[in-house]
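# Topology and contacts: notes
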Amino acid sequence: MGFAGRRKSKSSYFRRKKVKADNHNRTVLLNRQQPEELQHPLVLTNYVNNKIKSSKYSIITFIPKNLFEQFRRIANFYFLCVAIIQLSIESPISPMTSILPLVFVITVTAVKQGYEDWLRHREDNKVNNAPARVLREGKVMDIKTCNILVGDVVEVGVDEQFPCDLVLLLSSDPEDKCEVTTANLDGETNLKTFVCPTETQHLTSIDDLWKTRAIIECQMPHANLYDFKGRLEMYLGDATTTQAPLSTDNLLLRGARLKNTTLIHGVAVYTGEETKMALNSKMTNSKFSTVEKSMNYFLVFYLVLLVVEMVVSSVIKYQLYDFELMSKEMWYLGLPPNITATAEDVVQDTFSFLVIYNYIIPISLYVTLEVQKFLGAMFMEWDDQMKCQATGEKCKCNTSDLNEELGQVQYLFTDKTGTLTENTMNFRQCTVGGSKYREEEGELTVLHPDTNTTTPLTVWPVALEDMLVTLALCHTVQVSLDTNIKTETRQTEDGMIEMTQRGLQYQAASPDEKALVEACARYGVVFEGQYKDQLTLTVHGNTRLYTRLQVIEFDSGNLITHRKCMSVVVREEVTGKVWLLTKGAESSVLQRCGAGDSDHQHLINTTAAHIDDYAMLGLRTLAIARRELSNKTYYKFASELTQAKQMVEGREAAVKEITDRMEADLTLLGATGVEDLLQEGVQETLEALRVAGIKVWVLTGDKVETAVNIAYSCGHFKRFMTILTLTALKDDQKAHTRLNACLQESEAEGHYGLVVDGVSLQLLLDNHKEPFYSLCRRCTAVTCCRMSPRQKAETVRLVKTSKEGPVCAAIGDGANDVSMIQEAHIGLGVMGKEGRQAVRCSDFAFAQFRFLQRALLVHGHWYYVRVSTLVQYSFYKNLAFITPQIFFAIWNAFSTQSVYDSLALTMFNITYTSLPVLVFGLFDQSIPQHLLLQRPHLYKRIANNVSMSWLAFFKWAFFGLWHTSVLYFGLMGACWDDTCGLPRGETPDLYLFGTTLVSICVFITNCKLVLEARYMTQLFMWSFVITAVGYVGLNLLYQGFLIDLVDNYGVYWTYYRMFESPSLLLTILVLTVVCLTPDVVEQVYRSREDPRVVEKYRRKRRSSPTVTLKAVINYVNDSFDPMEGGNSVWEVTKKTTTTSDLKGYDKDDDATLQDTEQTRLTHNNNNYRGTIGDRISTNNDNENNNSMHYRGRVEGRSISVESSGSSIII
C-alpha cells in the first residue's frame, strides 16, 4: 500500500542504535534474539510470562488476605473490636456472644469467596496448561500456554484461539491476511480481517521467520481494544534496515479465534496479565447505590447513639454512688460509703456497657444484603419478558451492587443510533450534481422536489456514476460468496447489456457502509471484492480494476483528530489516475471542498440544502467528494504519511496534519440519505419514562435536523412543546445573549424542549454552566447533537454533579458511548450491532431499548422497596431487641447486668430473624407488575430515596421503641407480683424474664415483617415456619440439658417453665396485639394509596352504567374520516353527536371512569399509554344542547373529553 516502508543508510542506522529502549514504549525482539548488526545490544526489561491469574488468593494468602478484606468493612471491624474488648475485660456476658456471630458472618463470606476463587483457579489452570506451539531453535515446539514469552513466534491454526496478543507476521492466506472473530472480546460475531505488515509479506516459511531479525517498538500495555501503535524495524543483513508501521490491523488479540485461514504465525508482544483481554477483565467501576450511602449514615447515627448510651450510663452509675440509697438501702451490693471510682473501674464499666449495648448494630446486615443482591440479580437475568425473541439474548447483570438504584433514576441519557433505532440502514435518497434521486422498489428514480413525484432514470448521468463508483470504492467492506451464485443479464431500452451478480455477501463494521455498497450493487455498480490491494468493480457489466494505495480510517471526532470522515486513495488501472475518495459528515466534507468557480459553489450550496431536507426526513446523511492527485503529489503525501504512522507517540497529531493537506480542495460529488428505523416499543418506553418522572436526554452525533426529526418521530419531542435552540453559537457574547433569551422564554408556563449542538455545548459548559443547567432543568426533553464521546460524558457529569445530585443513568450500544456509561451512576448497554464494548462496560445490558421500561418500572421498583425495607428492618429489629438492656440497667442500678442470656444475644441476628427477611428481599412484590407497567407514575412514589429518608428512618425507629417499651414494661407489669402464675407458688427470676422477653421480641419482629410484605408466597411462609421451629427446638435443647461447655446452669429448664405459666402465655398474646396495633393502623392508612385497594374500591362503586373513556375512544375511531389526516388528529367533524351516541353514558351528576385495560391515546402525533382509573364529572348544565365535559387522568397526565354539537374533541 504505497510507501509502507523505507530504507535507512548505514550511518544513520548506527547513530540511532546508541539510543536505549525508552520506558514509554515497549521493545520486543523477534525470536528473542538480538540482531547481529547491533554494536550495543539493547537492555530490555523482563516482561511477564503468559500465565493468567484471575484468582485473588492462594492457599497461603487466603486466610490473611480474606480476613483483611472483610475487616475493612466498618461493621465487621466494629464487632472485632467488641470481641477483643470482651476478652480483655471482665465481661458481663460471655465473649462468645460477639465471637460466634462474627465468626459466622466471616465464615459464610469466606466460604462464598473461597468457592468463587476456587472456580477461578480451575479455569486459570485450564487456560494456562492448554497446549501451544512456538518457534524455538528453528523448529515448532509444543509447550504450555503459560510458558510463552514476549518475542516468541507463535503458531495458531484454524478455529484456535490466540494464546496472547500477537503481531501478525505470516499467514497461509495468499493475500497475507487472516479472518478472525472477536466475540469473546467485544461480542461482535462478524468476521474481521487482519493483515501482515508489508515488510513481512515476502516471508513464506518457518525457516524465513527464524532467520529474520527484527525489533518491534510499540505502546506499553493498556486496556483499549481498538488502539495499537507500533513500528516494525527489520534487519536485512547488510547493515541497512527497513521499517513498517503497525496498527490495530496487525494485532491479533488474546481470546479472539482464527477463522477461514489454515495457519498464521505471529510474534508475542503482550502476554499474561498485560494482554488487552486481561487488562479489560480488571476494569471495575466503583459505584455505590443511594441506599448504601444512606445505610452508612444510619450506621454512623447508631454508632454515635451507642457512644452516648455508654457515656450516659457510666456517668449515671457513678452519680448513684453518692446516694445513701446505694450504701444503706442496697447494702447487699457491698458498696462502702463515699466510694471513689478509679480509672480502671471507669474503663471496665464503660467497656461493659459497650458490650451489652453493642447489638444495636446489626451484624448480619452486610452479609444478608450481599446475598440478597447477588441472588436478586439472577432473577432479572431469568426474566423471559426481557428476552429478545429474535436473537434469544437475555438481560445481563455485570454487577449486583446497583440493583436497587434502578428504582431511583431521575435522568436518562440515551444514544440514538442503535439504541433508539435499529441500526439497520437502508439507502433511501441521494443528491448528485444538484439533482435529487430516490429509491423505489429497488430502482433509482429521479425525484422532482416541486411535485414530490418521481420518474424512471433512463440515462445515467456521468456525475451519478462517478458518485456510485466512489461509494463502491471508499470503504473497508469484505466480500464473501454464497454457494449459489447467479448472474442475471438483461438488455436495457438503449441496447445496453446489464449484468447483475447475485450471491455476494458484504460484511462491514459499519451498517452505513454495508447499506451504501449494497445500494450501489442494486444500481449496477457492483463491488466484487479485493485481492491484496486490487479492487474489482463491475459497472453496468463492465469490469474495472483499481489499486488501493491508502486507507485513512474514519474517526468520530476525538480530542485530537476531529476529522469525522474517511478517505481511500486508489489508482485506476486503465487510466493510471490517482483518486482521493472521501465520505463523511457534511460539516467536515463540505468545508474541505474548494470554492472553485461559481458553479461548484452553487453545487455546494444546493447539496447543503438537500442535506437539510434529508435531515428533516430523519435520514442519516453523508457527503461524498473526491480529488485527483498527481503521482508526484501522492508519493510525497505517502512518504510523509508513512513516517507519521511509524511514530509511536504523537502519531494522531502527525497523521492529522498530513491528512488535512491531502483532504483539501475536494470536488463535491453529492450526498446520501440513509434511513435507520426506530426500534420496537421506543415511543411507548419514552412516554412511560416521562410519566414516571424520568427526564430523558438524547445525546447523538447526528446533525441537528436529523436528531430533531427523530426526536419527534419517537415521541421525545411533542408537537405542543415549545422548542428552544442553542445551536451554531461560536462566540461567548452570542451564546450569553441567546441563553438569556431562552431562560426568559422558559419562565412562562408550558412545556419546553431544548436542542443544543456540540460546538455550542462546549462553549456553554466552559463559560455558562450554571445558567445552562438551569435552562435544561426547566425543559421536559433535551436533545444534544453533533456530540463527541467526551462531550457525552461531560454532559452526564454536568447533571450528576449538580447541587440536586440526581441519580443519572446512561444507555448506549457503541464504543463511543462507553465514556458516558461509565460516568453515570448506572451504566446501561444495548446489545446492538456496534460491538459489545458498551455491554462489557455497563452495569446492566439489554437486547433492546424497550426492555428498559420493565427494568426500571418493575425490577427497579421491586429492588428498591425490597432493599430499603431490608435495611430499615435490620436496624429496627436490633433497636427493639437491645433497648430493654437500657431499661433493665435502670432497674439494676447500671450494674452492667444483661437481661438476656448469651444464646439470645448470639443467635438473634444470625438465626432468629435472618431467614424471613432474606426471603422477603428476594420475592416480595410491593405492587403487581401489570400495574407498575400500566401506571408508570407509581415510579414517582419511590423517587428521591423516600424509603431511606431520615423521616422513614425515624418512623421505623419509633415503631422499634414502641415495641420494645410495650414488651419490657408490659412483661415487667405481668411479673410485678412476683408470682407470674407459676405453679407451686414459684417466683420468676431474671432468666425466665429474659427468656420470655426475647421470645416475644422474636415473635413481634417477625410479625412486623409479615405486615410489611405485599406478596405472600409459600417460600415466605415456610421461612417463618423454619424460623419458629428452629427457635423453639434450639431453646428446648439448650435449656433442657446441662452443658458445661456453654455454662447454661442459670437458664436450665427456663423455657419449659415459661409454658407452665398461663399468665405469661396470655401476656405474650396481649402484648403482641398491643405492639402491632399501631403497625396495623399504619398499614391500613397506607393502603389508601395502594393501587390494588383503590382499584377494588372503584369496582364496588360500579353499580350503574358508566361513561368510560374507552367508549369515547371507540366512538371517535369509528366516526373518523381517514381522508382528514389518518390517526394523527383527534377531532371529528361532519357528524352530529348526542349524549345518547356514547355507549354507557349515564346522566348522573357524578360518574366513575374506570377502565382497567391498557388504553392508548393519540393527540397530534403524541402517544399516551395507560390505565384510566380516576373520577370524571358531568356538566349537566349543558346537557340540553348536547354538550358534555369530562375530566380524567392518564398515568398522571390530565386529559379532557368534550362533546359539543357536531364535534368531539379529546
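Residues numbered from 1 in each chain as written. Predicted model: local features only at pLDDT ≥ 70, side-chain atom pairs only at ≥ 80, totals over all residues. Heavy atoms only, no water.

Let us now look at the overall build of the protein. Along the backbone of the protein there are 36 helices and 44 strands. Counting every position in the protein, which comprises 1210 residues, the buried fraction comes to 54%. Of the contacts made within the protein by residues no fewer than 6 positions apart, 72% connect residues no fewer than 24 positions apart. Of the roughly 53,100 Å² that the protein leaves accessible, carbon and sulfur atoms contribute 55%. (Helix = DSSP H or I, 4+ residues; strand = E, 2+ residues; numbered from the N terminus. Buried < 20%, exposed > 50% of the residue type's maximum accessible area, 1.4 Å probe, protein only. Contact = heavy atoms within 4.5 Å. Areas by Shrake-Rupley, 256 points an atom, 1.4 Å probe, with all protein chains shown as cover.)

It is worth spelling out the sheet that holds strand β26 (residues 565–572) at this point. With antiparallel pairing, eleven strands are arranged side by side in an open sheet as β20-β19-β18-β17-β29-β28-β27-β26-β25-β24-β23. Two strands in the sheet have a free side with no partner beyond their single neighbour: β20 (453–456) and β23 (525–531). Here the average twist between neighbouring strands, direction ignored, is 35°. Here strand β17 (residues 421–432) pairs with strand β29 (residues 667–678) via eight bridges, running antiparallel. (Pairing = 2+ DSSP bridges. Axes fitted to C-alpha atoms, helices over the stretch in contact; angles between N-to-C directions.)

Per the stated rule, a full pass over the model turns up 48 salt bridges. One salt bridge connects Arg-133 with Glu-160, and the closest N-O pair in it is separated by 3.2 Å. Placement of Arg-133 in strand β3 (residues 131–136) and of Glu-160 in the loop between β5 (153–157) and β6 (165–171) is noted, with a sequence separation of 27 residues between them. As a salt-bridge pair, Asp-512 and Arg-620 come within 3.1 Å of each other at their nearest N and O atoms. (Salt bridge = Lys/Arg side-chain N within 4 Å of Asp/Glu carboxyl O.)

Here we have three strands laid out as an open sheet, ordered β8-β7-β13, and antiparallel in their pairing. The sheet is open, and its two edges are formed by β8 (192–195) and β13 (257–259), each paired on a single side. Strand-to-strand twist in this sheet, taken as the mean axis angle between neighbours without regard to direction, amounts to 45°. In terms of strand pairing, strand β7 (residues 177–181) meets β8 through four bridges, oriented antiparallel. Directly across from Cys-178, in β8, lies its bridge partner Phe-194.

Burial analysis of β6 places seven of its seven residues in the buried class, which makes it a mostly covered element. Examined bridge by bridge, β6 and strand β12 (residues 251–252) share two bridges and lie antiparallel to one another. Across the sheet, the residue bridging to Val-167 is Leu-251, located in β12.

Attention now moves to the side chain of Ser-294. Structurally, Ser-294 is set in helix α8 (residues 290–320). By relative accessible area, Ser-294 is classed as buried at 10%. Apart from residues no more than four positions distant in its own chain, Ser-294 is found in contact with Asn-945 and Met-948.

Under the criterion given, the structure shown has seven cavities of 30 Å³ or more. Reported here for the largest cavity is a volume of approximately 70 Å³. Taken together, Asp-901, Leu-903, Ala-904, Tyr-912, Gly-994, Thr-995, Val-998, Tyr-1031, Asn-1035, Tyr-1038 and Gln-1039 form the lining of the largest cavity. Considering every element that reaches the lining of the largest cavity, the biggest residue donor is helix α32 (residues 1018–1040), with four residues. (1 Å grid on protein atoms, 1.4 Å probe; cavity = no way out; pocket = protein on both sides within 12 Å on 5 of 7 lines; lining within 4 Å. Points joined across faces, edges and corners; volume = space filled by probe spheres on them.)

To continue, consider the UniProt feature "binding site: Mg(2+)" (unreviewed entry) in the protein. Summarizing the sequence annotation, UniProt attributes the feature "binding site: Mg(2+)" (unreviewed entry) to Asp-415, Thr-417, Asp-813 and Asp-817 in the numbering used throughout. Spatial clustering of the annotated residues is evident: they stretch over 403 residues in sequence, but the largest pairwise C-alpha distance comes to 10.7 Å. Here Asp-415 shows up in the loop between β16 (411–414) and β17. Residue Asp-415 is classed as buried on the basis of its relative accessible area of 4%. Those residues within four positions of Asp-415 in sequence are excluded, and the remaining contacts are Leu-420, Leu-699, Thr-700, Lys-792, Ile-811, Gly-812, Asp-813, Asp-817 and Met-820. Among the polar contacts listed, one links the side chain of Asp-415 to the side chain of Lys-792, at a separation of 3.3 Å. Along the chain, Asp-817 turns up in the loop between β34 (808–812) and α24 (818–823). Here Asp-817 falls in the buried class, since its relative accessible area comes to 0%. Look past the residues within four positions of Asp-817 in its chain and what remains in contact with it is Asp-415, Lys-792 and Gly-812. (UniProt positions renumbered as here; feature names shortened; annotations may be inferred. Polar contact = N/O pair within 3.5 Å; in protein donor to acceptor, adjacent residues only side chain to side chain.)

With that out of the way, let us pick up the side chain of His-825. Positionally, His-825 belongs in the loop between α24 and β35 (826–830). You can call His-825 buried: its relative accessible area is 17%. Within the local environment of His-825, its side chain forms a polar contact with the backbone nitrogen of Cys-808, the two atoms lying 3.0 Å apart. Discounting chain neighbours no more than four positions away, the residues touching His-825 are Lys-287, Leu-402, Lys-800, Pro-806, Val-807, Cys-808 and Asp-843.

Quick look at unusual backbone geometry now. A positive phi angle, close to 55°, is found at Arg-32, a residue other than glycine. On the secondary structure map, Arg-32 appears in the loop between β2 (25–29) and α2 (62–70). Here Arg-32 falls in the partly exposed class, since its relative accessible area comes to 40%. Its identity as a non-glycine residue notwithstanding, His-540 has a phi of 50°, on the positive side. Among the secondary structure elements, His-540 is positioned in the loop between β24 (534–539) and β25 (542–552). The buried category is assigned to His-540, whose relative accessible area is 8%.

Okay, the packing of helix α31 (residues 990–1012) against helix α34 (residues 1062–1086) next. Orientation of α31 relative to α34, taken along the N-to-C sense of each, is 25°, at an axis distance of 10 Å. Between α31 and α34, the angle is such that the two are roughly parallel. Like other packed secondary-structure pairs, α31 and α34 cross with a definite hand, here right-handed. Residues Leu-992, Thr-996, Ile-1000, Phe-1003, Ile-1004, Cys-1007, Lys-1008, Leu-1011 and Glu-1012 of α31 pack against Leu-1064, Ile-1068, Leu-1071, Thr-1072, Cys-1075, Leu-1076, Asp-1079, Val-1080, Gln-1083 and Arg-1086 of α34. Here the residues of the contact of α31 with α34 sort into twelve nonpolar, three polar and four charged. (Parallel < 35°, antiparallel > 145°, perpendicular 65-115°, else oblique. Left-handed = near helix turned anticlockwise from the far one by under 90°. Nonpolar A, V, L, I, M, F, W, Y, C, P; charged D, E, K, R; others polar.)

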